[in-house]
Amino acid sequence: MVRFFDREEVYLNPYTGDVLGRRNQNDSFVYRIEKLHRYLLMGKVGEVLTAIGAAGLLILLVTGFYLWFPGKWSRVPDVLPLDRRLKGRAWILRLHTVIGVYSSGILLILASTGLAVAFEPLIKWLHKQPAMEVGAPHASAASSWDAPSVYLDAIWTTVRPELGEFRWARIG
């Protein structure tokens, strides 16, 4: 399957390259659910609102941990279990605390990754940061191929003029 940025999917025979079928993702139920989840069906405004919601959740998690923390790490086991002897408002408050503590780890991961996805400029900035240099393999490295090594940069310089106007697509 080849998926293009305009949400078109083309299914290919991996051996012959023949086109087996096409599908536009915009017509799928899952795409509509994704639009609801990421943009609240409101485009850019919804994207900003979901990002604000993720940032708000992060703030709630941090402040909730600050309010809950008993002062010393040695006291944490004493305040974690749900005390069934409590009644009324005290029991509800303890229930809120226990559920909040046990779910805070996964919520922290979900909110921070959701925030990173929502703020595209942040992702673009992260991709511009210097990456680890990848050099040629060491001469001592054993190779099971008898063919000479060809680097992707050399292939790209050769192929790029032949491509003309094109857009990137993810294959997966």
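Reading the values: the criteria
- Chains are numbered independently. Their residues run from 1 in the order of the written sequence.
- For a predicted model such as this one, the threshold for reporting local features is a pLDDT of at least 70, and the threshold for listing and counting side-chain atom pairs is 80 or more; totals across whole chains, interfaces and linings nevertheless cover every residue.
- For side-chain calculations, the full set of non-hydrogen atoms in the structure is used, while hydrogens and water are omitted.
- Only DSSP runs of H or I with at least four residues qualify as helices, and only runs of E with at least two residues qualify as strands; both kinds are numbered from the N terminus onward.
- Relative accessible area decides the class of each residue, using a 1.4 Å probe on protein chains only: under 20% of the type maximum gives buried, over 50% gives exposed, and in between gives partly exposed.
- Counting of polar contacts relies on pairs of N or O atoms within 3.5 Å, with two restrictions inside protein: one atom must be capable of donating a hydrogen and the other of accepting it, and residues adjacent in sequence are counted only when both atoms are side-chain atoms.
- Pairs were defined over the aromatic rings of Phe, Tyr and Trp, the Trp ring being its six-membered one, requiring ring centres within 6.5 Å. Orientation was assigned from the angle between planes: stacked under 30 degrees, edge-to-face over 60, tilted for the rest.
- A helix is expected to span 1.5 Å for every residue after the first.
- Whether two residues touch is decided by their heavy atoms; if any such pair falls within 4.5 Å, the residues are in contact.
- Each pair of strands is called paired provided DSSP finds at least two bridges between the two strands.
- What is meant by a nonpolar core is a set of buried Ala, Val, Leu, Ile, Met, Phe, Trp, Tyr and Cys residues, joined one to another through side-chain atoms within 4.5 Å.
- For helices, the fitted line uses only the C-alpha atoms of the stretch in contact; every axis is such a line through C-alpha atoms, and the angle between N-to-C directions lies from 0 to 180 degrees.
- Between 65 and 115 degrees an angle is taken as roughly perpendicular, under 35 as roughly parallel, over 145 as roughly antiparallel, and anywhere else as oblique.
- Note that Gly is not counted as nonpolar here; it falls among the polar residues with everything else outside the nonpolar set of Ala, Val, Leu, Ile, Met, Phe, Trp, Tyr, Cys and Pro and the charged set of Asp, Glu, Lys and Arg.

**Q** I keep staring at the side chain of Glu9 and nothing clicks. Help me out?
**A** Structurally, the position occupied by Glu9 is in strand β2 (residues 8–12). Residue class for Glu9 comes out buried when judged on its relative accessible area of 1%. A polar contact is formed between the side chain of Glu9 and the side chain of Tyr11, at a distance of 2.9 Å.

**Q** Even after reading the chapter, I still don't get the packing of aromatic side chains, so can you show me in this structure?
**A** Centre distance and the angle of the planes are the two values used to describe a pair of aromatic rings. In total, this model carries 5 aromatic pairs according to the counting rule given. Here the aromatic rings of Phe65 and Phe69 are separated by 5.6 Å at their centres, their planes lie at 35 degrees, and the arrangement is tilted. Considering the side-chain rings of Phe69 and Trp73, the 4.8 Å spacing of their centres and the 65 degrees angle between planes classify their relative orientation as edge-to-face. A network of ring pairs unites the aromatic residues Phe65, Trp68, Phe69 and Trp73 as a single cluster.

**Q** Looking at this model, I keep getting lost on helix α2 (residues 43–68). Mind explaining?
**A** Structural remark: α-helix, 3.6 residues per turn; residues separated by three or four positions point the same way. With 26 residues, α2 extends 37 Å between its outermost C-alpha atoms, agreeing within 8% with the 38 Å of an ideal straight helix rising 1.5 Å per residue. Buried residues in α2 make contact with α1 (29–39), α3 (76–79) and α4 (88–118).

**Q** Looking at this structure, how should I read the pairing of strand β3 (residues 19–24)?
**A** In this structure, β2 lies alongside β3, joined through 5 bridges in antiparallel fashion. Considered in β3, the bridge of Val10 is made with Arg22. The loop that links β2 with its antiparallel partner β3 comprises 6 residues; one of these, Gly17, has a positive phi angle of about 80 degrees.

**Q** I'm lost on the nonpolar core in this one. Help?
**A** Most often, soluble globular proteins keep nonpolar side chains buried together rather than apart. Counting 6 residues, the largest nonpolar core is built from Ala51, Ala54, Leu58, Ala111, Leu115 and Ala118. Mapped onto this core, the elements with two or more residues apiece are α2 and α4. Here Leu115 is in contact with Ala51, Ala54, Ala55 and Leu58, once residues within four sequence places are set aside.

**Q** It is not clear to me how the packing of α1 against α2 should be interpreted in this structure. Could you clarify?
**A** Relative placement of two packed helices is described by the angle separating their axes and the distance separating the axes. Where α1 contacts α2, the two axes come as close as 7 Å, and the packing angle between them is 55 degrees. Between α1 and α2, the interaxial angle falls into the category oblique. Mapping the contact onto sequence places His37, Arg38 and Tyr39 in α1 and Gly43, Gly46, Glu47 and Thr50 in α2. When grouped by side-chain class, the residues that make up the contact of α1 with α2 number 1 nonpolar, 4 polar and 2 charged.

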